[in-house]
Each structure stands twice: as structure tokens, then as C-alpha cells.
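# An overview of the molecular structure
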Amino acid sequence: MDVLDLTRLQFAVVTIYHYLFVPLSICLSAAAAGLQLAWMRTGHERYLLLTKFVGKLLIVTFAVGVVTGLVQEFQFGLGWSAFARFYGDVFGPTLAIEGMLAFFLEATFLALWYFGWDRLPRRLHAATIVVVAVGTLLSAYIILAANSFMQNPVAYALDPETGRAHLTSFTELLTNEVVLAAFPHTIAGCAMAGGGLLLAIGIWRASADTAFRTLARLGAWITLVGGAAVAISGDHLGKVMTAVQPMKMAAAEALYETTTGAPFSVFAIGSLGHDRPFFSIEIPYLLSFLGTGSFTGTVQGIDDLQAQYVAEYGPGSYIPMIPVAFWTFRLMMGAGILAMVFAAYYLWSNSSLRLTRLPRLLQPGRGTPGWVRRFALLAPLLPAAANTFGWIFTETARQPWLAFGISKVADGISPGLTSAEVIASLAGFTLIYGLLAVVWCRLVMHLSRQPLAAAPVPATAAEPAPAY
């Protein structure tokens, strides 16, 4: 691997690792706010206990996310200074607002919420966690607006003297059609990630406290509803993606020839080159519907798009890594569907709508089956995998562009950067992130093992007064 590939790998490691915690923070803050409002409305103690428990998970996750997020921003100066100089006037305002407004909003009000129990008025205290939840959404939207510029550059002009891009309209940047489509899709994926974690902990601890059963049902509903929202918003995002980045949709299907009524391959074995795989399971017309909204729509092929881009941007290859785009797109959907199926089964198995003619393995019976408790360990991993594969597809299928149509990846790397420097920093990040992963997992497991309610203190006889 040359220095460019190593730098891309380093950025991928840092970004993917950071994004393991971002969706959890977004979902857990909303879950904590919802549970606290439910407690205030109903007065049920289990909602209060679950509010404090989810809040502890949020604080641990938020802390790790802060550390990894700072490294994420430093990456622009470490490995991509040329891109930072070119893109800084556009990306700078978004990072400033995200850091100075959204991040400090979250951190400040999270501290007020944690230390404000029994100190702040009840409604004011509940408002602090609601502000935290809103702040996480604001952070996500602003960062997605910056990323959407890379997918579909808008609201910029190139300085003829410096060759740098500068922002012409911040409002137009925030209303980019890509961010408007990507934001609900991303937030729905965050709901699945957080819901999967709550579902796993709830199933694991259901036998210890009935409140954990409530947590498991809540996590299952969040996962299921989030999955449905992912599918609906993903359908719209696919159409926007086809309009602004047709090569990405063609790469998702390894479609080399422009096709009307194009099918979608659920699974394929064989070469993903010009020759079709020797075995594939296809759904007729589905790719055309996903890309254009019509079963008879025309989807441009890779070969035609390559010729078009050569004529427009000059000689070179504008084809991304087809196997990566093809399989990450399917792995993203497969992991998400499995998470939804498991959440739906758990809800059904704990409801009164039980069918007795199913095989014994699938019958809920009394209590939670052992295989469900074992599979629950995968409940948070499946949405995390779906989010990861989705971002890998989004970023790699845009190659060779950093900002589509105006800046290539090879032009953005820091000048003078050596492979040894990248390898050393990558090894350091990997070691630190590995330690952080161990710490986070151990803290979450420790919190999950603790009883929700403190054990009552036994009454003791009053100490006799000393006699003189």
C-alpha cells in the first residue's frame, strides 16, 4: 500500500470507530428523555430507574465519542491538509458551529442533568436531557451537511487566484438535497443501534428485574420502528443518490451497461466485471424502482458514465471499487433486516399473539428461550454493522472524488507525508482505540450487572448514649 492508501485506511479506521458511538449517543439521549418524561407522566418507579440507568450508559458512551471525535477532526490536518486548505472555507463554519454550539450544548446540559437530580425543579431537570437529545440531532445534521457537500457540492465558488472553494450561502449548504435525504436515514440507523443495545441488555437482565423487561421491549420497538424508517428514508435517499451520483448506484449493482427496467441482485457468485455472475438471485425491475421510482426507469451503466466523466473531467478512471460497493450495499441491508427480524420476534414472543403450530424451537413458551438470550448478544452488533457498511458504501462508491466533480482523493493528501508516519500514527490510534473499546465494554457490562434499585438499608437499634 502506498501513502495514499495508508492515509485512506487510517481515516477509515478513525471514522468508523468514532461512528460506533455516535449513533448510540443520539439514541440513548432520546431514550433517557423519553423515559424521564414517562416517569413524570405516570409516576411509575421503573421508568425512573431506567432513566438513570440509560443516562449512565449515555455518559460512558458520550465520553468515548468525544475523545474519538476530536481525533476525527485532527485527521484533516494530519493526513489531508491539502484538502483542508481547499475545503476549509466551506467545512470550517460547520465544524465551528458543531463544536461551539452543538457539542458544548450537549456536554453542558448533560452535566446539568446528571448533577441536577433533586437539585433542579423537576420540569427544569427534565428539560436538560431534552436539550441534550436535541443537541445530538443538531450535531448530526451539521456534520451531515458538511459530508453532503462532498457528495453533492453546492453553495460554493472557486477563487481563481487561490483555487480554493469558499462558501457562498450557508443556508443553501444546510438545505442541500443530499443532507435533507440523508439526515432521516442516518437518524433512523442511530435508533436501530441504540435500540439494539437496550434490547440486548434488557434480555440479558430480564430475569433479575422486571424493569429490564420494559427496557427490552422498549429497545425492540425502537429497533423495529427505526428499521422501518431506515427502509422508507433509504428509498428516497437512493433516488437522490442516483440523480446526483449515478455512478454510485451503478456500482451498487455492478451494472456496466445502461439498462431499462434493471433488476437488483440479492446475491451473486462469480466475477463482478463486464460478464454477469454465473449465479445470481435477481428481483426484476427493482434497481430501476430504487433509482428512479419507476419499474421501467433507465439506470445508467458504468461504461457509459466512465465515458461521460472522461469527456467532462479529463482522462482517468472514475470507477470505484465495484466489489466493495456491491457487497457493502447488500451487507448493510442484510444486517439491518436481521436486526429487525430479531426485534419483531422478541416482541411477538412476549405478546399474547402466539401461534402454537410453529416448531418448538420458535415457540416462545414460558420465559425467554435460551437461544434468544444467546442471540441477544448480536442485537447491538447487527445495527452497528449495518451503519458501518452503509458508510463504507457511501464513501468508497464516491471514489475517486473527495468532493464530487471538483476535488479528487489524490489531490487532498498532505504533501510530504510518508508511509512510516502514517503507519506509526495508525498503530497508535489502533492501540488507543483498542483500549477504549475494552474500557467501554467493561463499563457497560458493569453498569448492566448492577441492580437498578439500591438495596434497602436494614434498620439498626439506636446507639446508646454514653454514660459518665
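In case you missed it, the structure is sitting above this.
Residues numbered from 1 in each chain as written. Predicted model: local features only at pLDDT ≥ 70, side-chain atom pairs only at ≥ 80, totals over all residues. Heavy atoms only, no water.

### Section: the overall build of the protein
Of the regular secondary structure elements, the protein holds 16 helices and eight strands. Here the C-alpha atoms of the protein give a radius of gyration of 25 Å, agreeing with the 23 Å that 2.2 N^0.38 yields for 468 residues. Overall, the C-alpha framework of the protein stretches about 100 × 60 × 40 Å when taken along its three principal axes. With 468 residues in all, the protein has 46% of them scored as buried. Sequence-distant contacts in the protein: of pairs separated by 6 or more residues, those separated by 24 or more amount to 76%. Carbon and sulfur atoms make up 67% of the accessible area of the protein, which totals about 22,900 Å². Seen as two clouds, the 27 positive and the 25 negative side-chain charges of the protein have centres 22 Å apart. (Helix = DSSP H or I, 4+ residues; strand = E, 2+ residues; numbered from the N terminus. Rg over C-alpha atoms; globule rule 2.2 N^0.38 Å. Buried < 20%, exposed > 50% of the residue type's maximum accessible area, 1.4 Å probe, protein only. Contact = heavy atoms within 4.5 Å. Areas by Shrake-Rupley, 256 points an atom, 1.4 Å probe, with all protein chains shown as cover. Lys, Arg positive; Asp, Glu negative; His and termini not counted. Charge placed at Lys NZ, Arg CZ, Asp CG, Glu CD.)

### Quick look at the layout of surface pockets
Computed from the structure, the largest pocket encloses a volume of approximately 1,500 Å³. If you go around the largest pocket, you meet 49 residues; those closest to its centre are Phe11, Thr15, His18, Gln72 and Ile143. A per-element tally of the lining of the largest pocket places helix α1 (residues 3-19) first, with nine residues. Among the residues forming the lining of the largest pocket, the class breakdown is 29 nonpolar, 13 polar and seven charged. What the second largest pocket holds in volume is close to 1,000 Å³. Elements supplying a minimum of two residues to the lining of the second largest pocket: α5 (122-151), α7 (177-204), α8 (210-244), α9 (246-253), α10 (286-292), α12 (322-349) and α14 (381-396). The biggest single contributor to the lining of the second largest pocket is α8, with ten residues. (1 Å grid on protein atoms, 1.4 Å probe; cavity = no way out; pocket = protein on both sides within 12 Å on 5 of 7 lines; lining within 4 Å. Points joined across faces, edges and corners; volume = space filled by probe spheres on them. Nonpolar A, V, L, I, M, F, W, Y, C, P; charged D, E, K, R; others polar.)

### So, the pattern of salt bridges
Opposite charge on two side chains makes pairing possible when the charged atoms of those side chains draw close. If you walk through the whole model with that rule in mind, you get four salt bridges. With its nearest N and O atoms 2.7 Å apart, the salt bridge here joins Lys239 to Asp235. Of the two residues, Lys239 and Asp235 both sit in helix α8, four residues apart, roughly one turn of that helix. By relative accessible area, Lys239 is classed as partly exposed at 22%. A salt bridge links Arg398 to Glu395; the shortest N-O distance between them is 2.6 Å. Both residues of the pair, Arg398 and Glu395, belong to the buried class. (Salt bridge = Lys/Arg side-chain N within 4 Å of Asp/Glu carboxyl O.)

### Some remarks on the side chain of Arg398
Here Arg398 lies in the loop between α14 and β7 (401-403). One polar contact links the side chain of Arg398 to the main-chain carbonyl oxygen of Trp401, over a distance of 3.1 Å. The residues contacting Arg398, other than those within four sequence positions of it, are Met150, Gln151, Gln245, Lys248 and Phe404. (Polar contact = N/O pair within 3.5 Å; in protein donor to acceptor, adjacent residues only side chain to side chain.)

### Here we look at the nonpolar core
Leu28, Phe53, Val54, Leu57, Leu198, Ile201 and Leu215 are the most contacted members of the largest nonpolar core, which has 44 residues in total. At the level of secondary structure, the elements contributing two or more residues to this core comprise α1, α2 (22-42), α3 (45-78), α4 (81-115), α5, α7, α8 and α16 (419-449). Ranked by residues supplied to this core, first place goes to α3 with twelve residues. Setting aside residues up to four positions removed in sequence, Leu57 forms contacts with Leu28, Leu198, Ile201, Val444 and Leu447. Membership of the second largest hydrophobic core comes to 28 residues, among which are Leu287, Val299, Ala325 and Phe329. (Core = buried A, V, L, I, M, F, W, Y, C linked by side-chain atoms within 4.5 Å.)

### Things to note about a nonpolar patch on the surface
On the surface, Val266, Phe267, Ile269, Phe279, Ile281 and Ile283 cluster together to form a nonpolar patch covering roughly 480 Å² of accessible area. Listed by contribution, the elements that provide at least two residues to the nonpolar patch are β4 (264-269) and β5 (279-283). Secondary-structure assignment places Phe267 in strand β4. (Patch = residues over 30% accessible without salt bridge, like charges linked within 9 Å, V, L, I, M, F, W, Y side chains within 5 Å.)

### Quick look at the packing of α3 against α8
Relative to each other, α3 and α8 sit at 65 degrees, their axes nearing to 10 Å. The orientation of α3 with respect to α8, classified from their angle, is roughly perpendicular. Relative to α8, the crossing made by α3 is right-handed. Every residue of α8 that contacts α3 at Arg46, Tyr47, Leu50, Phe53 and Val54 is listed here: Ala211, Phe212, Thr214 and Leu215. (Axes fitted to C-alpha atoms, helices over the stretch in contact; angles between N-to-C directions. Parallel < 35°, antiparallel > 145°, perpendicular 65-115°, else oblique. Left-handed = near helix turned anticlockwise from the far one by under 90°.)

### Quick word on unusual backbone geometry
In the segment running from Gln399 into Pro400, the intervening peptide bond is cis, with an omega of 10 degrees. Of note, Pro400 is situated in the loop between α14 and β7. The phi dihedral of Asp118 is positive, around 65 degrees, even though this residue is not glycine. Among the secondary structure elements, Asp118 is positioned in the loop between α4 and α5. According to the relative accessible area criterion, Asp118 is exposed, its value standing at 79%.

### Focus on the packing of aromatic side chains
Applying the stated criterion across every chain, the model contains 28 aromatic pairs. Consider the rings of Tyr141 and Phe183, whose centres lie 5.1 Å apart with planes at 75 degrees: the pair is edge-to-face. On the criterion of sequence distance, the pair formed by Tyr141 in helix α5 and Phe183 in helix α7 is long-range, its members being 42 residues apart. Ring centres 4.9 Å apart and planes at 50 degrees place the aromatic pair Phe342 and Phe375 in the tilted group. (Phe/Tyr/Trp six-rings, centres within 6.5 Å; stacked < 30°, edge-to-face > 60°.)

### Some words on the packing of α4 against α5
The contact between α4 and α5 brings their axes to 7 Å, and the two run at 170 degrees. Between α4 and α5, the angle falls in the class roughly antiparallel.

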